[in-house]
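Report on the structure
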Amino acid sequence: MIESLLVANRGEIARRIIRTGRRLGIRTIAVHSEADGALPFVTEADEAVCVGPANPAQSYRNVEAILEAARSTGAQAIHPGYGFLSENADFARTVEGSGLIWVGPGADAITAMGDKINARNLMAAAGVPVAPGTTEPAADLDAAVAAAAEIGYPVMVKAAAGGGGMGMGVAADEAALRTEYDKVRAFAERMFGDGSVLIERYFPRVRHVEVQILGLADGRVVALGERECSVQRRNQKLVEESPSPAVSPELRERFLAAAVRAGEAVNYRNAGTVECLLDPSTQEFFFLEMNTRLQVEHPVTEYVYGVDLVEEQLRVAAGLAPTFDPDAFAPRGHAIELRINAEDPKRFLPGPGAITTWNEPAGAGVRVDSGYVAGNTVTPFYDSLMAKLIVSGDTREEAVERARAAVAQFEIAGPKCNLPFFAELLENPEFLSGDYDTGIVSRMR
């Protein structure tokens, strides 16, 4: 097993990786910005190195500073968490070129799946269903208009290099397309340094379902079930659950088989997620994108499949077999994750601030992965995620009941917080029925 691990991230995911490292006897090294020096992950690591000021470009995305921290502390491996440099193929190559172990998929797989158009084409060739759309970037507005006319309105306008729900717009007609194309292209150039845009069919009522895959050290790719991610605001997830209440056993088999084909098509190793859109009216699903990293919502899969995905990542990176039998594992029970963000519960606008009260719920089937404690400050420099509340039960109904109780017990004061939204959602008839889609939040608001 790896003996020393640098965690190139912050907050709850850094803390969560450090927790598994400690359990396995691995020496952990945290890197942090000047703004994060008082956060729990810094003190819980065996060592900590400040890598720059609050600006992520000068700290958490500062490749040279992170590599110097690895060299100075004698780190053997680097785990990138999610966000920041986690899907940066050049960083992965640089880490491995420096003689360190990269705890993630190979750089070639990151590159192949990082461009949405290239990924679509690869998946189509591998027999994974893809939605009608362009097979190359729409070079200009005229090309986008022509493509949309062929695909049929409404269409989704997407940044080819985007991810995480960013760089997308919906156009119901040509006039809207002309506006959205320019908007998405400008956003993509600013955020991703790549203004390439693709056009896809937009499904007005759709569910967002993804499959957790793990590429093993022996070359096999296995699928660890699906997650429902349809409770979203601005195309970004708020709630995830596993298994999906929309997926029948027959549909699950098709989902998992397609996800394995997707991983095999790029010789995938380590943890990744194949994201799909499901049309509930036809039970057809289409490839959306592949996230070549550990997902924010991985804990629901851990509960249902009884695995520690960070440990499995470390084992793959070290060339070891998994802790479970890939030929004999099965899901059990139900799990739900709520993303506790420092944001207004009505309009979902960020609301950073100093935390004066922080009391976490506890009990059977309740887990909190948090990045903060009372006395810390949620700053405006990073994502608004403060914690993840994960609940599990033998049934979905039991998990929902535990979620209600845990939300009521969770006390946070200081920054704005979206806990009141979850209290409302957990009483919403549409959510309780399990028959909901990606429009549920907009209907609640």
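One can find the structure itself at the top, above this paragraph.
One numbering rule holds for all chains: residues counted from 1, following each sequence as written. In view of the model being predicted, local features appear only for residues whose pLDDT reaches at least 70, and side-chain atom pairs are presented and counted only at 80 or more, with totals across whole chains, interfaces and linings using the full set of residues. Each side-chain value is derived from all of the structure's non-hydrogen atoms; neither hydrogens nor water enter the calculation.

1. Describing unusual backbone geometry
- Here the amide bond leading from Y153 into P154 is cis, since omega sits at 0 degrees, within 30 degrees of zero.
- For the bond from S242 to P243, the omega torsion is -5 degrees, close enough to zero to count as cis.
- Numbering of helices and strands starts at the N terminus; helices are DSSP runs of H or I of at least 4 residues and strands are runs of E of at least 2. Residue position: P243 is located in the loop between β11 (236-242) and α9 (249-265).
- For F84, which is not glycine, the phi torsion reads 45 degrees and is therefore positive.
- Residue placement: F84 occurs in the loop between β4 (77-79) and α4 (89-97).
- Phi at N267 is positive, roughly 50 degrees, even though this residue is not glycine.

2. Considering the side chain of D36
- You can see D36 is positioned in the loop between β2 (27-33) and α2 (40-44).
- Note on exposure labels: buried denotes an accessible area under 20% of the residue type's maximum, exposed denotes more than 50%, and partly exposed covers the range between, all computed with a 1.4 Å probe on protein chains only. Here D36 falls in the buried class, since its relative accessible area comes to 2%.
- Here the side chain of D36 touches Y60 through a polar contact of 2.6 Å, side chain to side chain.
- Contact between two residues is taken to exist if any of their heavy atoms lie within 4.5 Å; hydrogens are not considered. Here D36 is in contact with R10, F41, V42, Y60 and Y382, once residues within four sequence places are set aside. Contacts described as polar in this section are N or O atom pairs within 3.5 Å, which, within protein, must combine one atom able to donate a hydrogen with one able to accept it, while residues neighboring in sequence count only if both atoms come from side chains.

3. Considering the packing of aromatic side chains
- Aromatic rings from Phe, Tyr and Trp, with only the six-membered ring used for Trp, were paired whenever their centres fell within 6.5 Å, and each pair was classed as stacked if the ring planes differed by under 30 degrees, edge-to-face if by over 60, and tilted otherwise. Under the definition given, this model contains 14 aromatic pairs.
- With a centroid separation of 5.3 Å and 65 degrees between ring planes, the pair formed by F324 and F329 is classed as edge-to-face.
- Classification of F329 as partly exposed rests on a relative accessible area of 26%.
- Through pairs of rings, three or more aromatic residues link up here, namely Y60, F84, F381 and Y382.
- Two thresholds decide whether a charge sits over a ring: the Lys NZ or Arg CZ must be within 6 Å of the ring centre and within 35 degrees of the ring normal. One Lys or Arg, R207, reaches over the ring of Y436 and ends 4.7 Å from the middle of that ring.
- Cation over ring: R396 sits above F431, and NZ or CZ is 4.8 Å from the ring centre.

4. Notes on the packing of helix α1 (residues 11-23) against helix α11 (residues 309-317)
- The N-to-C vectors of α1 and α11 enclose an angle of 65 degrees; their axes lie 9 Å apart at closest approach. Taken together, α1 and α11 sit at an angle that is classed as roughly perpendicular. Regarding α1 and α11, the two cross each other, and that crossing is right-handed. Between α1 and α11, the residues in contact are R16, I17, T20 and R23 and L309, V310, E311 and L314, respectively.
- As a working rule, the residues Ala, Val, Leu, Ile, Met, Phe, Trp, Tyr, Cys and Pro are called nonpolar, Asp, Glu, Lys and Arg charged, and the rest polar, with Gly in that last group. When its residues are assigned to classes, the contact of α1 with α11 shows four nonpolar, one polar and three charged. To obtain each axis, a line is fitted to C-alpha atoms, and for helices this fit is confined to the stretch in contact; angles are then taken between N-to-C directions over 0 to 180 degrees. Put simply, angles under 35 degrees are roughly parallel, angles over 145 are roughly antiparallel, angles from 65 to 115 are roughly perpendicular, and the rest are oblique. Handedness of a helix crossing follows the sense of rotation of the near helix relative to the far helix, less than a right angle counterclockwise being left-handed and clockwise being right-handed.

5. Details of the nonpolar core
- Grouped together as the largest cluster of nonpolar side chains are 74 residues, with contacts concentrated most on V231, I340 and L389.
- Residues contacting I340, with those up to four places away along its chain left out, are S384, L385, M386, A387, L389, F410, I412, C417, N418, L419 and F422.
- Definition of nonpolar core: a set of buried residues of the types Ala, Val, Leu, Ile, Met, Phe, Trp, Tyr and Cys, connected through side-chain atoms within 4.5 Å. Listed in part, the 28 residues of the second largest apolar core include A112, V211, I213 and F255.

6. Some points on helix α8 (residues 174-192)
- Taking 1.5 Å as the rise per residue, α8 with 19 residues should run 27 Å; its terminal C-alpha atoms sit 26 Å apart, in good agreement.
- Turning to α8, its buried residues number three or more, namely L177, E180, Y181, V184 and A188. Looking down the long axis of α8, one finds its buried residues gathered within 115 degrees of arc, a one-sided arrangement. Across α8 from its buried face, at more than 90 degrees, point the exposed residues A175 and R190.
- On the buried face of α8, the contacting elements are α7 (141-151), β6 (155-159), β7 (168-171) and β8 (197-201).
- Structurally, the start of α8 carries an N-cap: the backbone nitrogen of A175 is 3.3 Å from a side-chain oxygen of D173.
- Backbone geometry just downstream of α8 places G193 in the positive-phi region, at approximately 70 degrees. One fewer than the residue count of a helix, multiplied by 1.5 Å, yields its expected span. This arc is taken over the directions from the axis of the helix to the C-beta atoms.

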